[in-house]
Amino acid sequence: LDKLRSRLNGVVPVVLDFGNSDDGLPPLTQIDRLDGLVHCAGMSEVASVEDTPRAVWDATMAVNVTGPAAVTRALLPALRASAGRVVFINAAPGLQAVPRWSAYTASKAALRELADALREEEDSHGLRVTTIYPAGVRTELLRKVRKQLGRPYDPAATVSPKTLASLVLRTIEFPDDGHLMEITLRPAP
């Protein structure tokens, strides 16, 4: 963050702990204009419903849903001022009901609903809300999850984080006369 701040004038890092209610949000309410907000934080524990303690459910929902909702709420005035873009990075397209991954899949279903509701609520303010559904992004988290689920991890059958970042940037910079609502990103054959 310090490197980024030194290279880009006006960048102010804000550390947020999504597990701690609204702690850290007050600095966000001081922002006057914001062109884009990207929600890409996430956690993904693998365990059956029976073996997932309440603390993991709470943390998963906080990081994957309620934290992004709180940050978005704090930044709505700044996003409205610029008719900004909000981008949610969700799960792989069509992901649902994966045994031993219920906390994650439930949180991503909730994130989809959050994005859809926000899109409808903020349309009159000019906000554009996009959900990106990437299938297989080449990360250590994906490697770990697939191993825990007993599924193969082949980096060649994934997209790079750089590719996903490029799509996010294009979404934020998309012309004002269009609204990308949902995008599916799959690895090339």
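In case you missed it, the structure is sitting above this.
Definitions and limits used
Residues numbered from 1 in each chain as written. Predicted model: local features only at pLDDT ≥ 70, side-chain atom pairs only at ≥ 80, totals over all residues. Heavy atoms only, no water. Salt bridge = Lys/Arg side-chain N within 4 Å of Asp/Glu carboxyl O. Helix = DSSP H or I, 4+ residues; strand = E, 2+ residues; numbered from the N terminus. Core = buried A, V, L, I, M, F, W, Y, C linked by side-chain atoms within 4.5 Å. Buried < 20%, exposed > 50% of the residue type's maximum accessible area, 1.4 Å probe, protein only. Contact = heavy atoms within 4.5 Å. Pairing = 2+ DSSP bridges. Axes fitted to C-alpha atoms, helices over the stretch in contact; angles between N-to-C directions. Polar contact = N/O pair within 3.5 Å; in protein donor to acceptor, adjacent residues only side chain to side chain. Expected span 1.5 Å × (residues − 1).

A. Representation of the pattern of salt bridges in the model. On inspection of all chains with the given rule, the structure shows six salt bridges. For the salt bridge of Arg-112 with Glu-113, the shortest nitrogen-to-oxygen distance reads 3.3 Å.

B. Main features of unusual backbone geometry. Residues other than glycine seldom take positive phi values, yet Ala-83 does so here, at roughly 50°. By secondary structure assignment, the location of Ala-83 is in the loop between α2 (54-81) and β2 (85-89). In the Ramachandran plot, Ala-97 falls in the positive-phi region, its phi being about 50° despite a non-glycine side chain. Summarising the element assignment, Ala-97 is placed in the loop between β2 and α3 (102-122).

C. Here's a closer look at the nonpolar core. Counting 18 residues, the largest nonpolar core has Leu-37, Leu-75, Leu-79, Val-86 and Phe-88 as the members making the most contacts within it. Among the elements of the structure, α2, β2 and α3 are those that each provide at least two residues to this core. Ranked by the residues each element gives to this core, the list is headed by α2, at seven residues. Not counting residues within four places of it along the chain, the set of residues in contact with Leu-75 comprises Leu-28, Ile-31, Leu-34 and Leu-37. Counting residues in each nonpolar core, the second largest holds ten residues, with Ile-89, Val-159, Leu-167 and Val-168 among its members.

D. A look at the sheet that holds strand β3 (residues 128-134). With parallel pairing, four strands are arranged side by side in an open sheet as β1-β2-β3-β4. Bordering the open sheet on either side are β1 (36-39) and β4 (182-185), each of which pairs with just one other strand. Adjacent strand axes in the sheet meet at a mean angle of 15° when their direction is disregarded. When β1 meets β2, the two strands line up parallel, connected through four bridges. Looking at the pairing, Gly-36 lines up with Arg-85 of β2. Here α2 sits on the sheet in contact with β1 and β2, set at roughly 175° to β1. Its contacts with the sheet put helix α5 (residues 161-172) on β1, β2, β3 and β4, and the angle it makes with β2 is roughly 155°.

E. Here's a closer look at the side chain of His-39. Examined against the element boundaries, His-39 turns out to sit in strand β1. Reaching out from His-39, the side chain makes a polar contact with the side chain of Thr-72 at a distance of 2.7 Å.

F. Looking closely at α5. Over its twelve residues, α5 extends 17 Å from the first C-alpha to the last, a length consistent with the 16 Å expected when each residue adds 1.5 Å. Packing partners of the buried residues in α5 comprise β1, β2, β3 and β4.

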